[in-house]
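Listed here are the chains, written in short residue letters.
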Amino acid sequence: MRITRSKRANVHIWPALTAWSVWNLPRRVAIFVVAVITADLAAIALAASFFTVRSHDVVLFCLLLACNAATVELTRRSGEHAGAIKDVYAVWELPIAILLPPLYAFIAPIVRMSLVQWRIRRSPLHRRFFSSAALGLAFGSASLLFHLLSRVAIGPAPTPGLRASLWVVAVAACGILEWAVNSALIMTAVKGTDPSARVRDMAFSREPLFNDITELCVAFLVAFAAAMSSLVVLFAFPFVILLQRSLRHSQLVNDSRIDSKTGLLNAGTWEREAIAEVARASRTRNPLAVALIDIDKFKVVNDTYGHLVGDQVLKEISASFRDYLREYDLAGRFGGEEFVLLLPHTTDRDAHRIAERMRAHIAGMPIGLDGVARAEPVHVTVSIGVAVLDATRRDLTDLLAAADAALYQAKAAGRDRVHMIAGTVTGMVAGLGGGAGEIAERPVSQPS
């Protein structure tokens, strides 16, 4: 049997496609990623069919692209963070979408992502392709909208003043469209990959929105300056660097507060914020509770499945806290397999109920083993010690000591239990068959 050259090529291409890491994603996410990339390629082909080369456009594109590349180079020292990334590249790429034909808007993110992959950090190719495609579709949509508005509204305007005003409104609308399309595509992929991800916190909380608005405002000014003279773009570069450093500083401050493995507050940050909250509750005589949570026999999990699986257990349990905590509750990782919760405006009964629901949920929660050839997921349990603010415990140190004593007693009683110290009584609910029982009251006994 004779194999032609095209068939031999297919023999080599097909294994490469099937080995692509995108297929390790959940099926719906993989289909979505491939669909976005395909749509971007189709849009590039369509834009190319209407493209006409003009020397002024090429010069301006190269100038803005050079500024974009210089901005990439300035991020090499700080590196690129994992997950959804906030950057300032729209400052250069939105003017490309506004001032040049749509094809340039589709191409610019590809060039930038190639530089990031080469110069900053190696990332799975499907992520780079998807990010380039999402940005290309976002900036391409903005470019198409602006050129449409230029023909139907801006151009026919009777006076220069009205045309300038319409130009400003059109650029603002295009910036909002670019942000909306890119955020929708990226957050859809993030949510599909990690259903527990808080999209609202990642894209719509105060800090990310402030950064996005600032970036779009600077991009508008750069577009306005470039429309007047290409060389004016060079004077905008120092301001973009200041904006980039401000954004990086904000990211570093946030990273210094967060435990990298769980996404919860680290011990130092939790303690600082908890001290202020306890002092406020003591002063206003509001109820407050503290809970210490410890994973039972966590060392066995690490020894049996490895530390990567242990890290996965930590992440899954941390993510489960979001289902039971309010926005003003504080969750932190105290180190190792121990977590700590601060529950303001919470009575002893409410604190016990919250802790018991958490314990029962974690005990029944299957934890999948990523990358481990094992059919059945891991199941773990936790022991929880709870203490509430009262006349004998008025500061954080006393609360933590009482919660630690309650946790010790829950461990000693057989683990997978909630043990609570409130006033002069303690309550214990066993995790095996006793979850719905009444709190048994008895004098406090300190562990030996």
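Structural notes, computed from the coordinates.

Cut-offs applied
- Residues numbered from 1 in each chain as written.
- Predicted model: local features only at pLDDT ≥ 70, side-chain atom pairs only at ≥ 80, totals over all residues.
- Heavy atoms only, no water.
- Axes fitted to C-alpha atoms, helices over the stretch in contact; angles between N-to-C directions.
- Helix = DSSP H or I, 4+ residues; strand = E, 2+ residues; numbered from the N terminus.
- Parallel < 35°, antiparallel > 145°, perpendicular 65-115°, else oblique.
- Left-handed = near helix turned anticlockwise from the far one by under 90°.
- Contact = heavy atoms within 4.5 Å.
- Nonpolar A, V, L, I, M, F, W, Y, C, P; charged D, E, K, R; others polar.
- Core = buried A, V, L, I, M, F, W, Y, C linked by side-chain atoms within 4.5 Å.
- Buried < 20%, exposed > 50% of the residue type's maximum accessible area, 1.4 Å probe, protein only.
- Pairing = 2+ DSSP bridges.
- Expected span 1.5 Å × (residues − 1).

### Some points on the packing of helix H4 (residues 90-99) against helix H5 (residues 102-119)
At step 1: Across the interface, H4 lies against H5 with an axial gap of 8 Å and an inter-helix angle of 155 degrees. One way to sum up the angle between H4 and H5 is to call them roughly antiparallel. The handedness of the crossing between H4 and H5 is right-handed. On H5, the residues that touch Glu 93, Ile 96 and Ala 97 of H4 are Tyr 104, Ala 105, Ala 108, Pro 109 and Arg 112.
At step 2: Tallied by class, residues from the contact of H4 with H5 come to 6 nonpolar, no polar and 2 charged.

### As for the nonpolar core
At step 1: Judged by nonpolar contacts, the single largest core of 33 residues is most densely connected at Ile 295, Ile 317, Phe 321, Leu 341, Met 358, Val 380 and Ile 384.
At step 2: Of all the secondary-structure elements, those providing two or more residues to this core are strand S1 (288-295), helix H12 (298-305), helix H13 (307-320), strand S3 (338-344), helix H14 (348-363), strand S4 (382-388) and strand S5 (417-422).
At step 3: At 5 residues, the largest contribution of residues to this core is made by H14.
At step 4: Discounting residues that sit within four places of it in the chain, Ile 295 has contacts with Val 313, Leu 314, Ile 317, Glu 337, Phe 339, Val 380, Thr 381, Val 382 and Lys 411.
At step 5: Trp 92, Val 222, Val 240 and Leu 243 belong to the second-largest nonpolar core, a separate cluster that totals 21 residues.

### Section: the pairing of S4
At step 1: Of all 7 residues making up S4, 7 are buried, and the element is well covered by its neighbours.
At step 2: Residue alternation in S4 divides its side chains into two sets, Val 382, Ile 384, Val 386 and Val 388 and Ser 383, Gly 385 and Ala 387, and both sets are buried.
At step 3: When S1 meets S4, the two strands line up antiparallel, connected through 7 bridges. Bridge pairing in S4 places Ile 295 opposite Val 382.

### Here's the deal with the packing of helix H2 (residues 27-49) against H5
Helices that pack against each other are described as a pair by the angle of their axes relative to one another and the distance between those axes.
At step 1: Their axes nearest at 9 Å, the elements H2 and H5 cross at an angle of 135 degrees. Taken as axis vectors, H2 and H5 run oblique relative to one another. Like other packed secondary-structure pairs, H2 and H5 cross with a definite hand, here left-handed. Touching Asp 40, Ala 43, Ile 44, Ala 47 and Ala 48 of H2 are Leu 103, Phe 106 and Ile 110, all from H5.
At step 2: The residue inventory of the contact of H2 with H5, partitioned by class, reads 7 nonpolar, no polar and 1 charged.

### Some words on helix H11 (residues 267-284)
At step 1: Here H11 is 18 residues long and its end C-alpha atoms lie 25 Å apart, about the 26 Å a rise of 1.5 Å per residue gives.
At step 2: For H11, the full list of buried residues reads Thr 269, Trp 270, Ala 274, Glu 277, Val 278, Ala 281 and Ser 282.
At step 3: At the C-terminal side of H11, Arg 285 shows a positive phi close to 60 degrees.

### Digging into H5
At step 1: Between its terminal C-alpha atoms H5 stretches 27 Å, which fits the 26 Å expected from 18 residues at 1.5 Å a residue.
At step 2: Along H5, the residues classified as buried are Pro 102, Leu 103, Tyr 104, Ala 105, Phe 106, Ala 108, Pro 109, Arg 112, Met 113, Val 116 and Gln 117.
At step 3: Of the surrounding elements, those touching the buried residues of H5 are H2, helix H3 (55-74), H4 and helix H6 (125-154).

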